[in-house]
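# Examination of the molecular architecture
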Amino acid sequence: MADNAIPAFGAIIIGDELLSGRREDKHLGKVLELLKARGLRLASVRYVGDERPRLVQTLRESFATGDIVFSFGGIGATPDDHTRQAAAEALGLPLALHPEAEAEIRARFGDETTPQRLQMGVYPEGSEIIPNPYNRIPGFSIRNHFFVPGFPVMAWPMVEWVLDTRFAHLHHQQDYVEQSVIVWDAMEGKLIDLMERITADFPDATLFSLPSVGGEGGRRHIELGMKGPAQRVAAAMALITAEVSQRGYTWEAPPAGDAA
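Per chain, residue numbering runs from 1 following the sequence as it is written. Reporting in this predicted model follows two pLDDT cut-offs: at least 70 for local features of residues, and 80 or more for side-chain atom pairs to be given and counted; totals over whole chains, interfaces and linings ignore these cut-offs and use all residues. The side-chain numbers reported here are obtained from all heavy atoms of the structure, hydrogens and water having been left aside.

In the nomenclature of an unreviewed UniProt entry, the chain corresponds to Competence/damage-inducible protein A from the organism Zoogloea dura.

### Some details on helix H9 (residues 230–246)
Starting at the N terminus, helices and strands are each numbered in turn, a helix being any DSSP run of H or I of at least four residues and a strand any DSSP run of E of at least two. Expected helix span is computed as 1.5 Å times (number of residues minus one). The terminal C-alpha atoms of H9, which comprises 17 residues, lie 24 Å apart, in line with the 24 Å expected from a rise of 1.5 Å per residue. Restricting attention to buried positions, one finds in H9 the residues Val233, Ala236, Met237, Ile240, Thr241, Glu243 and Val244. Seen end-on, H9 carries its buried residues on one side only, within an arc spanning 165 degrees. Looking at H9, the residues exposed on the side facing more than 90 degrees away from the buried face are Gln231 and Gln246. Buried, partly exposed and exposed residues are distinguished by accessible area as a fraction of the type maximum, computed with a 1.4 Å probe on protein chains only: under 20%, between the cut-offs, and over 50%, respectively. Taking the helix axis as origin, the arc is that swept by the directions to the C-beta atoms.

### Overview of the sheet that holds strand E2 (residues 42–48)
Strands pair, by our definition, only if DSSP identifies at least two bridges between them. The strand order across the open sheet built from six strands is E2-E1-E3-E8-E7-E6, with neighbouring strands paired in mixed fashion. Two strands close off the open sheet at either side, each with one partner strand: E2 and strand E6 (128–130). Recorded for the sheet is a direction-independent mean angle of 20 degrees between the axes of neighbouring strands. Two elements, strand E7 (residues 139–142) and strand E8 (residues 145–148), share three bridges in a ladder whose sense is antiparallel. Its bridge partner lying in E8, Ser141 is registered against Phe146. Where helices are involved, their axes are fitted lines through C-alpha atoms of the stretch in contact, as for all axes, and angles between N-to-C directions lie from 0 to 180°.

### A closer look at the environment of Ile75
Note that Ile75 resides in the loop between strand E3 (68–72) and helix H4 (83–91). Using a relative accessible area of 9% as the deciding quantity, one classes Ile75 as buried. Between the C-alpha atom of Ile75 and that of Phe147, which follows or precedes it by 72 residues, the distance is 7.5 Å.

### Describing the sheet that holds strand E10 (residues 206–212)
On the basis of which strands lie adjacent, the open sheet formed by four strands has the order E10-E11-E9-E12 and antiparallel pairing. Each end of this open sheet is capped by a strand with a single partner; those strands are E10 and strand E12 (251–252). Of the pairings in the sheet, the one linking strand E9 (residues 177–184) to strand E11 (residues 221–228) comprises eight bridges and is antiparallel in character. Counterpart to Val183 in the pairing with E11 is Ile222. Two residues form a contact once any of their heavy atoms are found within 4.5 Å. In the packing of H9 onto the sheet, the strands contacted are E9, E10, E11 and E12, and the crossing angle to E11 comes to about 155 degrees.

### Considerations on a nonpolar patch on the surface
Exposure above 30% relative accessible area and no salt bridge define the residues that can form patches, which grow by joining like charges within 9 Å and nonpolar side chains of Val, Leu, Ile, Met, Phe, Trp and Tyr within 5 Å. Here the open area of atoms and residues is found with the Shrake-Rupley method and a 1.4 Å probe, where only the protein chains shown may cover a residue. What makes a salt bridge here is a side-chain nitrogen of Lys or Arg within 4 Å of a carboxyl oxygen of Asp or Glu, nothing more. There is a patch of nonpolar side chains on the surface, built from Leu19, Val45 and Tyr47 and spanning about 270 Å² of accessible area. Mapped onto the fold, Tyr47 is located in strand E2.

### Observations concerning the packing of helix H3 (residues 52–65) against H4
Axis separation between H3 and H4 bottoms out at 8 Å; the angle between their running directions is 55 degrees. Considering their axes alone, H3 and H4 lie oblique with respect to each other. Seen from above, H3 lies across H4 with right-handed handedness. Every residue of H4 that contacts H3 at Arg52, Leu55, Val56, Leu59, Arg60 and Phe63 is listed here: Thr83, Gln85, Ala86, Ala87, Glu89, Ala90 and Leu91. To sort the angles, those under 35 degrees are grouped as roughly parallel, those over 145 as roughly antiparallel, those from 65 to 115 as roughly perpendicular, and the leftovers as oblique. Crossing chirality is assigned from the near helix's rotation relative to the far helix, an anticlockwise turn below a right angle marking it left-handed and a clockwise turn marking it right-handed.

### Focus: unusual backbone geometry
One non-glycine residue with positive phi stands out, namely Arg143, at about 50 degrees. Take Arg143: it is sitting in the loop between E7 and E8. If you check the backbone angles, Asp185 has positive phi at about 60 degrees while not being a glycine. Along the polypeptide, Asp185 turns up in the loop between E9 and helix H8 (188–201). Given a relative accessible area of 44%, Asp185 falls into the partly exposed group.

In structure tokens form, the structure reads like this:
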């Protein structure tokens, strides 16, 4: 499969509690981990509060991209949950109780099933369910957007299920790696000519530079690297390390886990 045939992945993370600081987001790090383990990467992320007009606009823009997007939060039945309704409005579709979702909810609650609980199975018309292994209350998908709860214990297995059942054919298909080195005591201004030369010589890969001023007892350095096709990245990094060594800098690989 050609690289340009692989769609972009995105995330929308919803909740006033995240924007106010009452809770700290954990979804972004997990999405990055799940995608990376499958040779995939994240192209965009948006945070939005529980404000329906803004959420409608965010989803309208997101649907228009054609990206594969995971949306976290706001699919419950309480008055501050607006994601199901906002998705329907963004697509101009009516809401309807999904029969498979209804069956799952009734199986979960039995005689304690209420109209309020069934609201959790009301999705934009044409949606499909996403199984929830934790408590059987499904999420839903429509137009390559996958809506899961805000609770990590539910959301993360649901995202994994989507990646492994709907998009297994995309796993490890893209020729893409990231490599970098830590160049000690370097300043970006002293290496711009090198960066410009590498960028010109390797237009099919992307250079990145992450400087640190070395505050709080740290040591000044630049993390200098490349991302793109494996062979081109390897060739570019060989030139980068040779040149920084020639200029008298010491360098080393970043700590494990800091670079792909």
